[in-house]
Amino acid sequence: MLNYNTYVGARKATYNSVFRLKMVKTQLPFYGYKSHKKYIMRIFLFLIASFLFFETNAQQKGLSALYEDHFMIGTIYHGEQLGNNTKNRDQKKEEEIIEKEFNAITAENCMKPMHIIGKKGEYNFEESDKFVEFAIEKGLTIVGHTLIWKNSAPDWFFKDEKGNKVSRPVLIKRMKEYIETVVSRYKGKIKYWDVVNEAVDVFKNEYGEKYAKLKSTPWYDIIGPDYIEIAYRAAHKADPECKLLYNDYNMYQKEKIDFIVDMVKNLGAKGVSIHGIGSQGHMFMKHPKLHQVDYWLKKCADAKITLHITEMDISVLPNAWKHKGASVEDRYDLADKYNPYSKTVPKKVLQKQAKRYKDMFSLFLKYSYNIERVTFWGVWDGNSWRNYLPMIGRTDYPLLFDRDFKKKPAYYALKNLVIEKE
Ligand code: GLA
């Protein structure tokens, strides 16, 4: 006899088997194509819409948002004053770009000792305070640059009242006081400090072989090689949470990067707080070679020393550094030869530069597991230091935004590179 339960059970069984059969059939390719046409169309439209949404979303993102899974993208803060002692008329425009495109910021000049303590005994934090306020307001990660650098320390630092060189204990005391005052002022606000800048150079021995060592600077000459250790210890004491970097240029030179990696490792082994290497990254169109850059990035990655590319730009002009010490007259004579794009720059050159940037960033992405930040040394071409150093009055095009604040081919190359990688 059929009772209620067997009746319901039988219906369920029939329903399930019919439904399952349908399911199986509908999963067959092209089964019921006509009746499902509507649904297929809808799915198709949905996929297109999602694709367009993500595409537009990616198109609208700034560079730092596009690279956020890899490393920070930083820039510099010029403030009111530019490095060539002229007033920065374009601060507002720069700041608009900074807000949209970057997530880290370094003080170009306002935190260098000659600006903070140019006059003996008088600290001036006006510009550096503004810089820190600006960065906090815009939510940018702050990099302090730089505490100990021979090119930015005022002369009085190394001299006594009579103009003679101070002793080791006096200089150590001054250095510690300076670091303590500046670092603790921004304690908890500055995430990274470039503590020592440019202490190492490459030399040649009597057989013409290259080697690297600490170079002669007033710090080195008066205190000795341990000035580096003393500086890091003082910075760490002033802000134990801050990440302390050693910053230098031309790290594509094998001898230099090998030396610096050993130096950082040795300091770390002695218990000195030094958290990474800052590699400046001022480059030219053909120099350094990609394999040299690869060596330098790999060297840091293999040593597990976090790397920051701290001052990235690619000059399109001929390298004029050997004329650094040239007289004023020489500079004018040389200017034409070394200033080929004074009126305008050919598109072809900017496209080559874009390719060069892309090649560099491809390497940065390759080692991104060890790279925390890539910072451009400037926002747009017009305010770049490359226009006045080493030769005054040149017109260079080293950055991602042009003199009308428009994105250059290099910008799009970096944007597409990371989008394609996703
Ligand atoms: C070095 C310094 C920077 C800047 C550039 C050029 O790279 O670290 O602060 O002064 O030189 O101006």
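Below is a short write-up of the structure. (Residues numbered from 1 in each chain as written. Predicted model: local features only at pLDDT ≥ 70, side-chain atom pairs only at ≥ 80, totals over all residues.)

## Regarding the overall build of the chain
Scanning the chain from N- to C-terminus turns up 14 helices and eleven strands. Taken over 422 residues, the chain has a buried fraction of 36%. Partitioning the intrachain contacts of the chain with sequence separation of at least 6 by distance along the chain shows that 76% fall at a separation of at least 24. (Helix = DSSP H or I, 4+ residues; strand = E, 2+ residues; numbered from the N terminus. Buried ≥ 20, exposed ≤ 12 C-beta atoms within 10 Å, placed from the backbone. Contact = placed C-beta atoms within 7 Å.)

## Things to note about the site of the ligand
Around the ligand, the neighbouring residues are Gly83, His145, Asn197, Tyr249, Gln280, Glu311, Trp385 and Leu389. In terms of residue class, the shell around the ligand is built from three nonpolar, four polar and one charged. (Near = placed C-beta within 6 Å. Nonpolar A, V, L, I, M, F, W, Y, C, P; charged D, E, K, R; others polar.)

## Overview of the pairing of strand 11 (residues 371-376)
Across a regular strand the side chains alternate sides, sitting on one face of the sheet and then on the other. Among the six residues that make up strand 11, six are buried, leaving the element largely enclosed by the rest of the structure. As paired elements, strand 1 (residues 72-77) and strand 11 share three bridges and run parallel to each other. If you follow Met72 over to strand 11, its bridge partner there is Arg373. Judged from the four bridges that link them, strand 10 (residues 307-315) and strand 11 form a sheet pairing that is parallel. (Pairing = 2+ DSSP bridges.)

## Re helix 7 (residues 168-185)
The terminal C-alpha atoms of helix 7 lie 26 Å apart, and with 18 residues this matches the ideal 26 Å at 1.5 Å per residue to within 8%. Residues of helix 7 that are buried: Leu171, Ile172, Met175, Tyr178, Ile179, Val182 and Val183. On an axial view of helix 7, the arc spanned by its buried residues comes to 135°, and they lie on one face. Across helix 7 from its buried face, at more than 90 degrees, point the exposed residues Pro169, Lys173 and Glu177. Summarising the contacts, the buried residues of helix 7 are in contact with helix 5 (113-116), strand 3 (141-148), strand 4 (192-197), helix 8 (218-223) and helix 9 (227-238). (Expected span 1.5 Å × (residues − 1). Arc of directions from axis to C-beta.)

## Some details on the packing of helix 13 (residues 347-366) against helix 14 (residues 409-421)
Between helix 13 and helix 14, the shortest axis-to-axis distance is 8 Å and the interhelical angle comes to 35°. Crossing geometry of helix 13 relative to helix 14 is assigned as right-handed. Mapping the contact onto sequence places Leu350, Gln351, Gln353, Ala354, Lys355, Tyr357, Lys358, Phe361, Ser362 and Leu365 in helix 13 and Pro409, Ala410, Ala413, Leu414, Leu417 and Lys421 in helix 14. The residue makeup of the contact of helix 13 with helix 14, split by class, is ten nonpolar, three polar and three charged. (Axes fitted to C-alpha atoms, helices over the stretch in contact; angles between N-to-C directions. Left-handed = near helix turned anticlockwise from the far one by under 90°.)

## Some details on helix 6 (residues 126-137)
The end-to-end C-alpha distance of helix 6, which contains twelve residues, comes to 17 Å, matching closely the 16 Å that a straight helix rising 1.5 Å per residue would cover. Along helix 6, the residues classified as buried are Ser128, Phe131, Val132 and Ala135. Here the buried residues of helix 6 occupy an arc of 95° about the axis, which is enough to place them on one side. In helix 6, the exposed positions angled more than 90 degrees off the buried face are occupied by Glu126, Glu133 and Glu137. Contact partners of the buried residues in helix 6: strand 1, strand 2 (104-107), helix 5 and strand 3. Gly139 sits one or two residues past helix 6 and shows a positive phi near 70°.

## Notes on the packing of helix 10 (residues 254-269) against helix 11 (residues 290-302)
The relative placement of two packed helices is expressed as an angle between their axes plus a distance between the axes. Put simply, helix 10 and helix 11 touch, their axes get as near as 10 Å, and they point 10° apart. The orientation of helix 10 with respect to helix 11, classified from their angle, is roughly parallel. In this structure, the crossing between helix 10 and helix 11 has a hand that is right-handed. On helix 11, the residues that touch Lys254, Ile257, Asp258 and Val261 of helix 10 are Tyr295, Trp296, Lys299 and Cys300. Broken down by class, the residue content of the contact of helix 10 with helix 11 amounts to five nonpolar, no polar and three charged. (Parallel < 35°, antiparallel > 145°, perpendicular 65-115°, else oblique.)

## What about the pairing of strand 2?
Burial of strand 2 is two-sided: the residues Ala104 and Thr106 facing one way and the residues Ile105 and Ala107 facing the other way are all buried. Where strand 1 and strand 2 come together, four bridges link them in parallel fashion. Within strand 2, the position partnered with Ile76 by the bridge is Thr106. Note that the unit made of strand 1, helix 4 (residues 91-101) and strand 2 has a crossover that is right-handed. (Right-handed = clockwise from strand over helix to strand, strands pointing away.)

## Concerning unusual backbone geometry
In terms of backbone geometry, most residues other than glycine have negative phi values and most peptide bonds are trans. Backbone torsion omega between His287 and Pro288 reads 5°, so that peptide bond is classified as cis. With omega at 0°, the peptide bond leading from Leu389 into Pro390 counts as cis. Counting through the fold element by element, Pro390 comes out in the loop between strand 11 and helix 14. Non-glycine residue Glu198 carries a positive phi angle of around 55°. Assignment of secondary structure puts Glu198 in the loop between strand 4 and strand 5 (200-204). Taking the number of C-beta atoms within 10 Å as the measure of exposure, Glu198 has 20 and is therefore buried. With a phi close to 65°, Phe405 is a non-glycine residue in the positive phi region.

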